[in-house]
Amino acid sequence: MSFYEWFFLEKDRPPAGLFSWSHLLSVTIILAGFITLGYFLGKKHRDNQKAQRLTFIITTAGIFTLVIMKMSFLLATSDDIGNTWLENLPLFFCDMMIIMIPLATFAKGRMQDICYDFIAICGFIMGTFGNYLAGNIYGSHPAISYLSLISAVSHSISTFAAMYVFKAKLNKMEKKNIPFVIGILFVYMTIALIVDYITGKNYMFFLESSGTPFQIFLDMVQGNLILYQIIIYNLQCGYIGVFYLVYYLINRWIKKKKKNAI
């Protein structure tokens, strides 16, 4: 068996399985590496706007490169190119970084602030949940394979960006921007839902859980898709609201502690 057959085509290799040791070990190593890199680079570049911009340009290039690598392979090995395109549109929650990181790189003023806030808030959950709860990936592929590694690196870039934004202090977390940060996700989810109903695909896992823990909520509402979709909206948009609340509470506690220490 050639390396191409073993690594790319996964010939005679069973899927890793969600939460298998190979799944957990591989994503943990990759995720830890990107988080560490984001921490130290963000800290180093805190007062260096030129380095910050260059870092985001490189990150943008990295994301697009991974998308091209993934789509090129899928299309080259597909018997139905049209369906392959439809199944791999960037309409999952984690795919939003394909748009948000470039926007943060090239936008100015308030729009850039909104993008930085979104990256800081959603990057960690995209990276951790996208890696550790990826039943759709590790239920179908070995942990060490072309598509699995592309998935792991793609999701880990989100955590890198989030950690970098926090350590470089690029996020402002202003209350006036909260509706826009949540609104971006709401609009994106709505587009994904419309595409799901038009094409029958399953972006954002709106029509079925596809091996993800969302099955818990689908079972909870006994398969009622409308109620299930409402839950998905509330979970993902609500996460941003809860993040802001916890952030403000922690900041208030820190300021109060500093004031009392004086």
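Our subject is the structure listed above.
Here is what the cut-offs are and how they apply
Residues numbered from 1 in each chain as written. Predicted model: local features only at pLDDT ≥ 70, side-chain atom pairs only at ≥ 80, totals over all residues. Heavy atoms only, no water. Helix = DSSP H or I, 4+ residues; strand = E, 2+ residues; numbered from the N terminus. Rg over C-alpha atoms; globule rule 2.2 N^0.38 Å. Contact = heavy atoms within 4.5 Å. Phe/Tyr/Trp six-rings, centres within 6.5 Å; stacked < 30°, edge-to-face > 60°. Buried < 20%, exposed > 50% of the residue type's maximum accessible area, 1.4 Å probe, protein only. Patch = residues over 30% accessible without salt bridge, like charges linked within 9 Å, V, L, I, M, F, W, Y side chains within 5 Å. Areas by Shrake-Rupley, 256 points an atom, 1.4 Å probe, with all protein chains shown as cover. Salt bridge = Lys/Arg side-chain N within 4 Å of Asp/Glu carboxyl O. Axes fitted to C-alpha atoms, helices over the stretch in contact; angles between N-to-C directions. Left-handed = near helix turned anticlockwise from the far one by under 90°. Nonpolar A, V, L, I, M, F, W, Y, C, P; charged D, E, K, R; others polar. Core = buried A, V, L, I, M, F, W, Y, C linked by side-chain atoms within 4.5 Å.

Q: How should the overall build of the protein chain be read in this particular structure?
A: When you go through the protein chain residue by residue, the secondary structure sums to eleven helices and zero strands. Its C-alpha atoms give the protein chain a radius of gyration of 19 Å, within 12% of the compact-globule value 18 Å for 262 residues. Dimensions along the principal axes, computed over C-alpha positions, put the protein chain at roughly 65 × 45 × 35 Å. Here the analysis covers contacts within the protein chain between residues at least 6 apart in sequence; of these, 74% occur between residues at least 24 apart.

Q: I keep staring at the packing of aromatic side chains and nothing clicks. Help me out?
A: Centre-to-centre distance and the angle between the planes together describe a pair of aromatic rings. If you walk through the whole model with that rule in mind, you get 23 aromatic pairs. Seen from their ring centres, F8 and F73 are 6.0 Å apart, and the 45° between their planes marks the pair as tilted. Within this pair, whereas F8 is found in helix α1 (residues 3–8), its partner F73 is found in helix α3 (residues 49–76), the two being separated by 65 residues in sequence. Judged by relative accessible area, which is 22%, F8 ranks as partly exposed. What makes F73 buried here is its relative accessible area of 11%.

Q: What is the right way to look at unusual backbone geometry in this model?
A: Most of the time, phi is negative for any residue but glycine, and the peptide bond is trans. Despite not being glycine, D12 shows a phi value in the positive range, around 60°. What makes D12 exposed here is its relative accessible area of 67%. The phi dihedral of F205 falls on the positive side, at around 60°, and the residue is not glycine. Within the secondary structure, F205 sits in the loop between α9 (178–199) and α10 (215–220). On the basis of relative accessible area, F205 is assigned to the buried category, the value being 14%.

Q: Before we go on, may I ask you to explain a nonpolar patch on the surface in this structure?
A: There is a patch of nonpolar side chains on the surface, built from V242, V246, I250, W253 and I254 and spanning about 460 Å² of accessible area. Here W253 lies in helix α11 (residues 225–261).

Q: I'm lost on the side chain of S145 in this one. Help?
A: Within the secondary structure, S145 sits in the loop between α7 (135–138) and α8 (146–167). Under the relative-accessibility criterion, S145 is labelled buried at 0%.

Q: Help me understand the environment of D12, please; the structure alone is not making it clear to me.
A: One can find D12 in the loop between α1 and α2 (21–44). Residues D12 and N131 lie 119 residues apart in sequence; the distance between their C-alpha atoms is 24 Å.

Q: I'm lost on the packing of helix α6 (residues 109–132) against α8 in this one. Help?
A: Two quantities define a packed helix pair, namely the angle between the helix axes and the distance between the axes. Two numbers describe how α6 lies on α8: the axes approach to 7 Å, and their chain directions differ by 145°. For the pair α6 and α8, the sense of crossing is left-handed. Contacts between α6 and α8 pair Y116, I119, A120, G123, F124, M126, G127, T128, G130 and N131 from the former with S151, A152, H155, S156, S158, T159, A161, A162, M163, V165 and F166 from the latter. Residues of the contact of α6 with α8, tallied by class, amount to eleven nonpolar, ten polar and no charged.

Q: I keep staring at the side chain of T84 and nothing clicks. Help me out?
A: For T84, the position within the fold is in helix α4 (residues 81–87). T84 has contacts with M71, L74, L75 and S78, leaving out every residue within four places of it along the chain.

Q: Just checking my understanding: could you explain the pattern of salt bridges for this structure?
A: Should their charged atoms come close, side chains of opposite charge can pair. Inspection of the entire model under this criterion finds three salt bridges. E5 is the salt-bridge partner of K11, the closest N and O atoms lying 3.7 Å from each other. Its relative accessible area of 23% is what places E5 among the partly exposed residues. K172 is paired through a salt bridge with D113; the nearest N and O atoms lie 3.5 Å apart. Of this pair, K172 sits in the loop between α8 and α9 while D113 sits in helix α6, placing them 59 residues apart in sequence.

Q: Just to check I follow, could you spell out the nonpolar core for this structure?
A: Within soluble globular proteins, side chains that are nonpolar generally end up buried alongside one another. F56, F118 and I119 are the most contacted members of the largest nonpolar core, which totals 60 residues. Listing elements by their share of this core, those giving two or more residues are α3, α5 (97–106), α6, α8, α9 and α11. With near-sequence residues (within four places) excluded, F118 lies in contact with M96, M100, G123, M126, V181, I184, L185 and I240. Ranked by size, the runner-up nonpolar core spans eight residues in total, among them V27, A134, I137 and A143.

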